[in-house]
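Residue-level listing of the chains:
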Amino acid sequence: MRFNEKELVFLSRQPSERAAELGMKGPKKGDVVKRRVVKLIVNFLFYFRIDEDEPIGALLLEQCRVEREDDQVFSIVFLDEAERKYLFECDSQEQCVEWIDAIVKASYESMRKNLIYYRTEIHRLTGKDPLEQYGISDETRFQVNSGLPPADT
């Protein structure tokens, strides 16, 4: 995926699902933990220097694994680059759990699973495919393996 800097700055200014000042350590050797303002917006994790409005970086939360490292520490590792590991230090165990949960739910894979689940439930209850009205019910990314019956043609 490609993004330009203006688009990312614009997105970083939108309301966030979660935001906090966390300790953050980047993936490079020799990186140290630094306090950063971290914001979760849709499926991006933006990080900022304290008291600055523009992000210094953003992580697209796709094809990654979120793991708890310690009571107050979690990590994000990208599946195609196992050596690219980011560490985040929270202020409490509760905050750590909340961040992990929010990041897992923010991924495309999680949103897709939810869409398929609710699509199936709505179809089961109403007999209608809720995506049909948008003309996207046949798109592969919305297909349910176990299945909705094919749309009437």
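Residues numbered from 1 in each chain as written. Predicted model: local features only at pLDDT ≥ 70, side-chain atom pairs only at ≥ 80, totals over all residues. Heavy atoms only, no water.

## Here we look at the sheet that holds strand β4 (residues 57-60)
So, step 1. With antiparallel pairing, seven strands are arranged side by side in an open sheet as β4-β3-β2-β1-β7-β6-β5. Since the sheet does not close on itself, it has two edges, and those belong to β4 and β5 (64-70), each with one partner. Recorded for the sheet is a direction-independent mean angle of 35° between the axes of neighbouring strands.
So, step 2. Contacting β2 (34-41) and β3 (44-48), helix α1 (residues 5-12) runs over the sheet at an angle of about 85° to β3. (Pairing = 2+ DSSP bridges. Helix = DSSP H or I, 4+ residues; strand = E, 2+ residues; numbered from the N terminus. Axes fitted to C-alpha atoms, helices over the stretch in contact; angles between N-to-C directions. Contact = heavy atoms within 4.5 Å.)

## Side note on the pattern of salt bridges
So, step 1. What the rule picks out here adds up to eleven salt bridges.
So, step 2. Close ionic contact of Asp91 with Arg35 constitutes a salt bridge, the shortest N to O distance being 3.5 Å. One end of the pair, Asp91, is in the loop between β7 (81-89) and α2 (93-106); the other, Arg35, is in strand β2, with 56 residues separating them in the sequence.
So, step 3. For Arg65, the salt bridge goes to Glu67, with nearest N and O atoms at 2.6 Å.
So, step 4. By relative accessible area, which is 29% here, Glu67 ends up partly exposed.
So, step 5. Taken together, the shared-partner salt bridges in this structure form one network comprising Glu21, Arg35 and Asp91. (Salt bridge = Lys/Arg side-chain N within 4 Å of Asp/Glu carboxyl O. Buried < 20%, exposed > 50% of the residue type's maximum accessible area, 1.4 Å probe, protein only.)

## A short note on the packing of aromatic side chains
So, step 1. By the definition in use, this model includes four aromatic pairs.
So, step 2. Judged by centre distance (5.7 Å) and plane angle (25°), the rings of Phe44 and Phe46 are stacked.
So, step 3. The class of Phe46 is buried, set by a relative accessible area of 0%.
So, step 4. Ring geometry for Phe78 and Tyr86: centres 6.3 Å apart, planes at 85°, overall edge-to-face. (Phe/Tyr/Trp six-rings, centres within 6.5 Å; stacked < 30°, edge-to-face > 60°.)

## Observations concerning the nonpolar core
So, step 1. Membership of the largest hydrophobic core comes to 22 residues, with the highest contact counts inside it found for Leu45, Leu59, Phe74, Ile76, Phe88, Trp99 and Ile103.
So, step 2. If you list the elements that add at least two residues to this core, you get β1 (18-25), β2, β3, β6 (73-78), β7 and α2.
So, step 3. When residues in this core are grouped by element, the largest group, six residues, is from α2.
So, step 4. Once you skip the residues sitting within four places of it in the chain, Ile76 turns out to touch Leu45, Leu59, Leu61, Cys64, Arg65, Val66, Arg84, Lys85, Tyr86, Phe88 and Ile103. (Core = buried A, V, L, I, M, F, W, Y, C linked by side-chain atoms within 4.5 Å.)

## Considering the UniProt feature "domain: PH" (unreviewed entry) in the protein
So, step 1. In this numbering, the UniProt entry assigns the feature "domain: PH" (unreviewed entry) to residues 15-108.
So, step 2. The span residues 15-108 shows a helical share of 16% and a strand share of 50%, and its end C-alpha atoms are spaced 19 Å apart. (UniProt positions renumbered as here; feature names shortened; annotations may be inferred.)

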